[in-house]
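Results of the structural survey
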Amino acid sequence: MSLESHKEYRSDKDPETVIVQDAENVYRPDVDTSGIDERKLMSRIDWHVVPWLAVLYLLNFLDRGNIGNAKLYHMTDDLHMTDKQYLIALTVFFFPYALFEPPSNLALKKLRPSMWLSFIMLIWGIAMTLHGVVTNYAGLIGLRVLLGLAEAGLYPGIVFYLSCWYRRNELGSRVGVFFSSATIAGAFSGLLAAAIHNMDGVGGKPGWAWIFILEGLVTVVCAIASFFILSDFPDTAKFLNETERVWVVRRLQADMKFSAGGEKFKMKYVWQSLADWKTWLAMGIYMGFDGPLFAFSLFTPTIINQLGYKATAANLLSVPVYAWACIMTVAIGFLGDRVKTRAWVNLGLFGSGLVGYIILICSTNPSLSYFAVYLAASSIYPTIPNSVAWVSSNVEGSYKRSAVLGMAIGWGNLNGAVTSNVYRAVDKPWYRLGHGIVLAYIAIGWICSLALYVHLRRENAAKERGDRDEVIDGVENKNAREHNGHFASIDAARSEKGDHWSGFRYSL
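The rules we used
- Residues numbered from 1 in each chain as written.
- Predicted model: local features only at pLDDT ≥ 70, side-chain atom pairs only at ≥ 80, totals over all residues.
- Heavy atoms only, no water.
- Helix = DSSP H or I, 4+ residues; strand = E, 2+ residues; numbered from the N terminus.
- Buried < 20%, exposed > 50% of the residue type's maximum accessible area, 1.4 Å probe, protein only.
- Contact = heavy atoms within 4.5 Å.
- Areas by Shrake-Rupley, 256 points an atom, 1.4 Å probe, with all protein chains shown as cover.
- Axes fitted to C-alpha atoms, helices over the stretch in contact; angles between N-to-C directions.
- Left-handed = near helix turned anticlockwise from the far one by under 90°.
- Nonpolar A, V, L, I, M, F, W, Y, C, P; charged D, E, K, R; others polar.
- Core = buried A, V, L, I, M, F, W, Y, C linked by side-chain atoms within 4.5 Å.
- Expected span 1.5 Å × (residues − 1).
- pLDDT = per-residue confidence, 0-100.
- Salt bridge = Lys/Arg side-chain N within 4 Å of Asp/Glu carboxyl O.
- Patch = residues over 30% accessible without salt bridge, like charges linked within 9 Å, V, L, I, M, F, W, Y side chains within 5 Å.
- Phe/Tyr/Trp six-rings, centres within 6.5 Å; stacked < 30°, edge-to-face > 60°.
- Polar contact = N/O pair within 3.5 Å; in protein donor to acceptor, adjacent residues only side chain to side chain.
- Bend = angle between axes of the 7 residues up to and from the residue.

1. Quick notes on the overall build of the protein chain
Counting its regular elements, the protein chain contains 20 helices and 4 strands. Every one of the 508 residues in the protein chain was classed for burial, and the buried ones make up 60%. Sequence separation of at least 24 residues holds for 79% of the intrachain contacts in the protein chain that already meet a minimum separation of 6. Only carbon and sulfur atoms are counted for the fraction: they give 63% of the accessible area of the protein chain, which is about 19300 Å².

Structure (structure tokens):
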């Protein structure tokens, strides 16, 4: 594009990103931000935003998966449930969990994060506590539905919330740190379940009931605290002064996040997300790691148990697996922010997962299978922050981004309804059918990652050639075409078209 009033240049940190400075349309031009110390301010933002989100997600993952630990301590026997009924109890969680995610993300944008996230957390904390007093199968089913409904909004909400604070080359490390709490939850749940089970008989309740009650009460307390601890979006955050808020918004807008200064909801943003091919490929990628994630988190203790280890030993042996996954998740999060193509990171991680599950299918040696569990963990968990950062970085418009993330994460989580049923008791001890289905999911993630990379690369090339240039009043551009849109100004074009604007460059 030939623009006299705009300065266009390539970012030193990401050559795929073209940054456009609009000298006539700076956010809040009356505010002088020259005195801001970037390193100090970003460090303060990190400490205000990321740690508490990690705590919330740790509780989210802990409460979602502790039913797997409770099962090892005879929950199904006490509730007179068959193996099929237990699988149904796992499955019903995922339908409200997946379906409520897109509208929940839109609600988060309309309301304050400190209000919405705290509210849904309070509801699921109460539901989790009531798991400990349930006396029959029907009661458990009802609570699992309520739990899925309440937990639905947290993960997509946090991902969208982080994308509203950080630039594209900063997001992966922050998502990696917050998501590492899921691996800590996996390790901690085994230790915690083994410890809490010692309360067996206290108050006339079995040990598995106390797992639900104590963990649920902790969530309730943290939900109340969240009303006061969580910050809101950059343009309204109370822990920043006016100059700092303006600096953060300008910084995001210079990184192609033009909606950072605020955006009014329009239904067209939802339709745009539905019509965008990136949404559907993102759904395939999320399917590729979310299906395996739920299978892994729910059944790791059971799989290790069936390899010949007792219940408590199985819970404890899952701890180092999750510790390794935590290390890999954080490391890949930082690596993804520094390399120029997240696609290759995704392809490598999904590839290692394929190797791990092939070993699990073929192996009849417990030690080899236990090693393959490590390979699976180091594939599934680190893929998530890298994919989350990649997808959210390539969708502009805050409402459109919230809708795309809600749909992608919702579809991915809906597949948990499938993978929570693949490890059947009749297939023990090697569970080859379950491993085979998870292998297929990972293959889908690999293929969709490759397809997204190819499409983004082609689209960037088309924009470089000028094939996507719009007609802008007062701007001379021989490549401009009416079918790409006719706008009064550059600002109108990028606001209306988002990431489809000719000046936007996709991050590979």
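2. Overview of the environment of L405
For L405, the position within the fold is in helix α17 (residues 398-414). The buried category is assigned to L405, whose relative accessible area is 1%. Apart from residues no more than four positions distant in its own chain, L405 is found in contact with N105, V159, F160, Y286, V391, S392 and G410.

3. Quick notes on the packing of helix α8 (residues 154-163) against α17
Where α8 contacts α17, the axes come no closer than 9 Å and their chain directions differ by 145°. When you trace α8 past α17, the crossing you get is right-handed. Packed against α8, whose contacting residues are Y155, P156, V159, F160 and S163, the element α17 presents S398, R401, S402, L405 and I409 at the interface. Split into classes, the residues belonging to the contact of α8 with α17 amount to 6 nonpolar, 3 polar and 1 charged.

4. Here we look at the nonpolar core
Among soluble globular proteins, nonpolar side chains are generally buried collectively. Counting residues in hydrophobic clusters, the biggest one holds 135 residues, and the most contacted among them are I45, Y155, L162, W165, F296, Y357 and Y381. Apart from residues no more than four positions distant in its own chain, W165 is found in contact with I45, V49, D232, F233, P234, A237, F239, L240, V248 and L252.

5. Overview of helix α19 (residues 432-465)
Given a rise of 1.5 Å per residue, 34 residues ought to cover 50 Å, and the 50 Å separating the end C-alpha atoms of α19 matches this to within 8%. Immediately beyond the C-terminal end of α19, within one or two residues, lies G466, with a positive phi of roughly 90°.

6. As for the confidence of the model for the protein chain
Looking at the protein chain as a whole, the pLDDT averages 83, with 90% of positions reaching at least 70. For the stretch residues 1-24, pLDDT sits under 50, and the model shows 59 contacts to residues farther than four places along the chain or on other chains.

7. A look at the pattern of salt bridges
In total, this model carries 15 salt bridges according to the counting rule given. We note a salt bridge from D232 to R112, for which the minimum N-O separation is 3.7 Å. Residue D232 is found in the loop between α10 (207-229) and α11 (242-253), and its partner R112 is found in the loop between α5 (101-110) and α6 (113-130); the two are separated by 120 residues along the sequence. By relative accessible area, R112 is classed as partly exposed at 40%. The closest approach of N and O atoms between R505 and E464, which form a salt bridge, is 3.3 Å. Within this pair, whereas R505 is found in the segment after α20 (490-497), its partner E464 is found in helix α19, the two being separated by 41 residues in sequence. Note on E464: relative accessible area 45%, which makes it partly exposed. Where salt bridges share partners, they join E38, R167, E170 and R251 into one cluster.

8. Topic: the environment of N60
As for its position among the elements, N60 is in helix α1 (residues 38-72). Here N60 falls in the buried class, since its relative accessible area comes to 0%. When the C-alpha positions of N60 and W124 are compared, they lie 8.6 Å apart, and in sequence the two are 64 residues distant. Here N60 is in contact with Y97, W124, E151 and L154, once residues within four sequence places are set aside.

9. Quick notes on the packing of α1 against α6
The geometry of α1 relative to α6 is characterised by a closest axis approach of 11 Å and an angle of 30° between their N-to-C directions. Relative to α6, the crossing made by α1 is left-handed. Residues L56, L59, N60, D63 and N66 of α1 form the contact with α6, whose participating residues are M121, W124 and M128. Partitioned by chemical class, the residues of the contact of α1 with α6 number 5 nonpolar, 2 polar and 1 charged.

10. Let's talk about a nonpolar patch on the surface
A surface patch of nonpolar side chains, amounting to about 610 Å² of accessible area, comprises M115, F119, I224, F227, F228 and I229. Elements that contribute at least two residues to the nonpolar patch include exactly α6 and α10. With 4 residues, the top contributor of residues to the nonpolar patch is α10. By the element assignment, I224 lies in helix α10.

11. Considerations on the packing of aromatic side chains
Tallying each qualifying case throughout the model produces 26 aromatic pairs. Judged by centre distance (6.2 Å) and plane angle (40°), the rings of W116 and F119 are tilted. With W116 and F119 both in helix α6 and 3 residues apart, the pair spans about one turn of that helix. Ring centres of F178 and F179 lie 6.4 Å apart, and the angle between their planes is 85°; on these two criteria the pair is classed as edge-to-face.

12. A short note on the side chain of D232
The exposure class assigned to D232 is buried, which follows from its relative accessible area of 8%. Side-chain polar atoms of D232 contact the side chain of S114, separated by 3.1 Å. Ignoring anything within four residues of it in the chain, the contact list for D232 reads R112, P113, S114, Y161, W165 and A237.

13. Let's talk about α1
Taking 1.5 Å per residue as the helical rise, α1 with its 35 residues ought to reach 51 Å, and the 50 Å between its terminal C-alpha atoms agrees with that figure. Along α1, the sharpest change in direction is near 40° and occurs at G65. Between a side-chain oxygen at the N-terminus of α1 and the backbone nitrogen of R39 the separation is 3.2 Å; the capping residue is D37. Two residues or fewer after α1 comes H74, characterised by a positive phi angle close to 75°.

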